[in-house]
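Breakdown of the fold
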Amino acid sequence: MDILATESRITTGSRGTRLLGLAALAGVLALLVFAFVLTDPDVRTHPTSGEEFGQFDAVRLLYLHVPMAILTYAAYALCAAASAGYLLRRTPWWDVTAHAAAEVGTLVCALVLVTGSIWGRPVWNTWWEWGDVRLMTTLLLFLLFLGYLALRRAAVDPESAARPAAVVALVAVLDIPLVNRSVEWWENRTLHQKSTLAELKIEDLTLFTLVLGIVVFGLVVTWLLLHRFRVGWLERAEVTHGIDRAIAERRGVASTTGVDSTVGQTREES
Amino acid sequence: MTDLPPSDLTPRAARPERRARRARSALLVALVVVAVVGVLVRTLDDASLFFYPVDEAVELRAELGEERFRVVGSPQPGVVEAVADGRTVVVFTLCVGEVLADVVHEGDPAELFQPGVPVVLQGTWRREDPPLLDALDRPAADGWHLQTDHMVVKHDNDYRAEGAELEPCGTAP
């Protein structure tokens, strides 16, 4: 059966992904309620002046920014693992997985940069701080994977881009430890605060909402990954199908014009 | 297989849209390369600007000369706003431990600027006492001040209701 002839029936959804999508949607709604309604703003009282200080409502972005950062690491780590898998096995499954993870990771990384910048304006007094090691290594990570995606788009045949893209992914992912540890390794070079979760300087509803955010964004990213993987797999099938169809057409012409139609076939085929 | 319609198998030139796609992709790759190089250049350019804690900045005062640098410390209580040469300035004392440095910051301070909340300032050393020295609670008054024009707040990572601590300013009241 010609699978592409039934194009209108092809979908990347399944019962499982629909349930996952619903769970992710419900989770996002719950997270928004916890982050923007149920948790308190960060307000402290100055011990000497008695004035209020803290992050106020800007702290609510923490529940989006931190989970997104964690999921960026996870998506890029998956991309690197799948790229290594491709270099070892050379099967499309690994390559399509790596491509899907890079694309989703780059989307989430962009959101990390945007939410961080929006948070930075009221809290730090700047949208962006050039030279800050955490910010710069994160921007570099984003640009490296943007380069990865550009490399993949530059090739018409996905097979030809797979190997160089896998190498780029394995190099780009080396930036993740730098991003993550920069606040510890270059303490006097970064405006960015140290990890709150690692030092567990968070508690009660604030901690719960942050963990909820990580779970919810985990669901969202998984849902996006599954769909992007299936789209990638279909794209691959379309290319393969196009080649098969062209070969079939040539053989068909050859058989009607008396040319040996077995030319180009393997022994098993002929 | 044989019921497929006959096809024109004459070799054809690459389709224009394929060429256009390649050109767009090449442009995208070039833009990414330019962006990565730009980020690296900008980062290396900034590498000379360290965050000196106030005590180090005071110690290195002679070496720093008129060099522009970043300095981190906690503002002491007693912040004075003034107008100097027609411009709004904020005068206060910055400290790390027992080491103090007077600051004249040009422009509006950060929204979350508060005594005890560390700030990173960018500017240079000036060999003169700041204006309104007498109005400061506990000035360094050492004949120097930091003339700064860029202020960012260095927020801590503590989100516990009772756990958040202000960085104490030496023996400040």
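Residues numbered from 1 in each chain as written. Chains lettered and ligands numbered in written order. Predicted model: local features only at pLDDT ≥ 70, side-chain atom pairs only at ≥ 80, totals over all residues. Heavy atoms only, no water.

1. Things to note about the overall build of chain B
Applied cut-off: Per the convention used, a helix needs a DSSP run of H or I reaching at least four residues, while a strand needs a run of E reaching at least two, with both numbered from the N terminus. With a 1.4 Å probe rolled over the protein chains alone, any residue whose accessible area is under 20% of its type maximum counts as buried; one over 50% counts as exposed, and the rest are partly exposed. Between two residues, a contact is recorded if the distance between any of their heavy atoms is within 4.5 Å. Here, Shrake-Rupley sampling with a 1.4 Å probe gives the accessible areas, and only protein chains in the shown set may cover a residue.
Helices and strands together make up the secondary structure of chain B, namely three helices and seven strands. Secondary structure of chain B in N-to-C order comes out as α-β-α-α-β-β-β-β-β-β. Residues classed as buried in chain B amount to 39% of the 173 residues present. A sequence separation of at least 24 residues applies to 61% of the contacts in chain B between residues at least 6 apart. Carbon and sulfur atoms form 54% of the exposed surface of chain B, whose accessible area is close to 9600 Å².

2. Structural notes on the nonpolar core
Most often, soluble globular proteins have nonpolar side chains that are buried together. Heads up, the rule is: Nonpolar core, defined: a set of buried Ala, Val, Leu, Ile, Met, Phe, Trp, Tyr and Cys residues in which side-chain atoms within 4.5 Å join the residues together. A domain assignment, automatic or from a database, supplies the domain bounds used here.
Counting 86 residues, the largest nonpolar core has Phe145(A) and Tyr148(A) as the members making the most contacts within it. The element contributing the most residues to this core is helix H3 (residues 92–124) of chain A, with 13 residues. When residues are assigned to domains, this core turns out to be shared by domain 1 (14–47) and domain 2 (51–153) of chain B, each giving three or more. Each residue touching Tyr148(A), except ones within four places of it in the same chain, is listed here: Cys79(A), Ala98(A), His99(A), Ala102(A), Ala165(A), Ala166(A), Val168(A) and Ala169(A). Listed in part, the seven residues of the second largest apolar core include Val80(B), Ala82(B), Val91(B) and Leu136(B).

3. Regarding helix H2 (residues 62–89) of chain A
Short version of the rule: Working rule for helices: expected span equals 1.5 Å times residues minus one.
For H2(A), built from 28 residues, the straight-helix expectation of 40 Å at 1.5 Å per residue is met to within 8% by its first-to-last C-alpha distance of 40 Å. Following H2(A) by one or two positions, Arg90(A) has its phi on the positive side, about 55°.

4. Remarks on a nonpolar patch on the surface
Residue and element names in this part refer to chain A. Stated formally: Like-charged residues are merged into a patch within 9 Å and nonpolar side chains (Val, Leu, Ile, Met, Phe, Trp, Tyr) within 5 Å, provided each residue has over 30% relative accessible area and no salt bridge. The term salt bridge refers to a pairing of a side-chain nitrogen on Lys or Arg with a carboxyl oxygen on Asp or Glu at a separation within 4 Å.
Together, Leu25, Leu29, Leu32, Val33, Phe36, Val37, Leu38, Leu205 and Phe208 make up a nonpolar patch on the protein surface, roughly 810 Å² of accessible area in all. Among the elements that take part in the nonpolar patch, helix H1 (residues 15–38) stands out by supplying seven residues, more than any other. Looking at the secondary structure, you find leucine 29 in helix H1. Under the relative-accessibility criterion, leucine 29 is labelled exposed at 53%.

5. What to know about the pairing of strand S5 (residues 99–106) of chain B
The side chains of a regular strand alternate, residue by residue, between the two faces of the sheet. Residues and elements named next belong to chain B. Note the threshold: Whether two strands pair comes down to DSSP finding at least two bridges between them.
Of all eight residues in S5, six are buried, a share of seventy percent or more. Alignment of strand S4 (residues 87–96) against S5, held across eight bridges, turns out to be antiparallel. In the strand pairing of S5, cysteine 95 is matched with leucine 100. Across three bridges, the pairing between S5 and strand S7 (residues 145–153) is parallel. Residue pairing across strands places valine 103 opposite leucine 146, the latter belonging to S7.

6. Points about the confidence of the model for chain B
Operational definition: Each residue carries a pLDDT score, the predictor's confidence in it, ranging from 0 to 100.
Predicted confidence across chain B gives a mean pLDDT of 81, with 78% of residues reaching 70 or more. Confidence, expressed as mean pLDDT per element, reaches its minimum in chain B at helix H1 (residues 16–46) of chain B with 74 and its maximum at strand S6 (residues 119–126) of chain B with 94.

7. As for the interface of chain A and chain B
Convention followed: Summed over both partners, the accessible surface that disappears when two parts come together, traced with a 1.4 Å probe, is what is meant by buried area. A 3.5 Å cut-off defines polar contacts: any pair of N or O atoms within that distance qualifies, except that in protein one atom must be a possible hydrogen donor and the other a possible acceptor, and neighbouring residues in sequence count only when both atoms are side-chain atoms.
Of the residues lining the interface, 57 residues belong to chain A; the matching set on chain B comes to 47 residues. Taking both sides of the interface into account, the surface hidden between chain A and chain B amounts to around 4600 Å²; carbon and sulfur atoms contribute 60%. At the boundary of chain A with chain B, the tally comes to two salt bridges. The residue Asp156(B) makes a salt bridge to Arg44(A) at a minimum N-O spacing of 3.5 Å. Between the two partners, chain A and chain B, sit 13 residue pairs in polar contact (both at pLDDT 80 or more). Elements represented by at least two residues in the side of chain A that touches chain B include exactly strand S1 (42–45), strand S2 (52–56), H3, helix H4 (133–154) and helix H7 (204–256) of chain A.

8. Some thoughts on the side chain of Asp175(A)
Residues and elements named next belong to chain A. Note the following rule: In this charge count, Lys and Arg are treated as positive and Asp and Glu as negative; neither His nor the chain ends contribute.
Locating aspartate 175 in the fold gives a position in helix H6 (residues 175–185). Here aspartate 175 occupies a buried position and makes no salt bridge, while the nearest side chain of opposite charge, arginine 134, is found at 9.5 Å. Within the structure, aspartate 175 has its side chain in polar contact with the backbone nitrogen of leucine 141 (distance 3.2 Å). For aspartate 175, the residues in contact, after removing those within four places along its chain, are Thr137, Leu140, Leu141 and Leu144.

9. Quick notes on the packing of H4(A) against helix H5 (residues 158–172) of chain A
Residue and element names in this part refer to chain A. Condition: Between the N-to-C directions of two axes lies an angle of 0 to 180 degrees, each axis being a line fitted to C-alpha atoms and, for a helix, fitted only over the stretch in contact. In these notes the angle categories are as follows: under 35 degrees is roughly parallel, over 145 is roughly antiparallel, 65 to 115 is roughly perpendicular, and the rest is oblique. Three classes are used: nonpolar for Ala, Val, Leu, Ile, Met, Phe, Trp, Tyr, Cys and Pro, charged for Asp, Glu, Lys and Arg, and polar for all others, with Gly counted as polar.
Their axes nearest at 8 Å, the elements H4 and H5 cross at an angle of 170°. Here H4 is positioned roughly antiparallel relative to H5, judged by the angle of their axes. Taken together, the residues of H5 that come into contact with H4 (itself represented by Leu141, Leu144, Phe145, Tyr148, Leu151 and Arg152) are Pro158, Ala161, Ala162, Pro164, Ala165, Ala166, Val168, Ala169 and Ala172. Partitioned by chemical class, the residues of the contact of H4 with H5 number 14 nonpolar, no polar and one charged.

10. Here's the deal with the packing of H2(A) against H4(A)
Residues and elements named next belong to chain A. The criterion, for reference: Should the near helix be turned anticlockwise from the far one by less than a right angle, the crossing is left-handed, and should it be turned clockwise, the crossing is right-handed.
For the pair H2 and H4, interaxial distance at closest approach is 13 Å and the crossing angle is 40°. By the angle class used here, H2 and H4 are oblique. Here H2 and H4 pass one another in a crossing that is left-handed. Taken together, the residues of H4 that come into contact with H2 (itself represented by Thr72, Tyr76 and Cys79) are Leu141, Phe145 and Tyr148. Here the residues of the contact of H2 with H4 are counted per class, giving five nonpolar, one polar and no charged.

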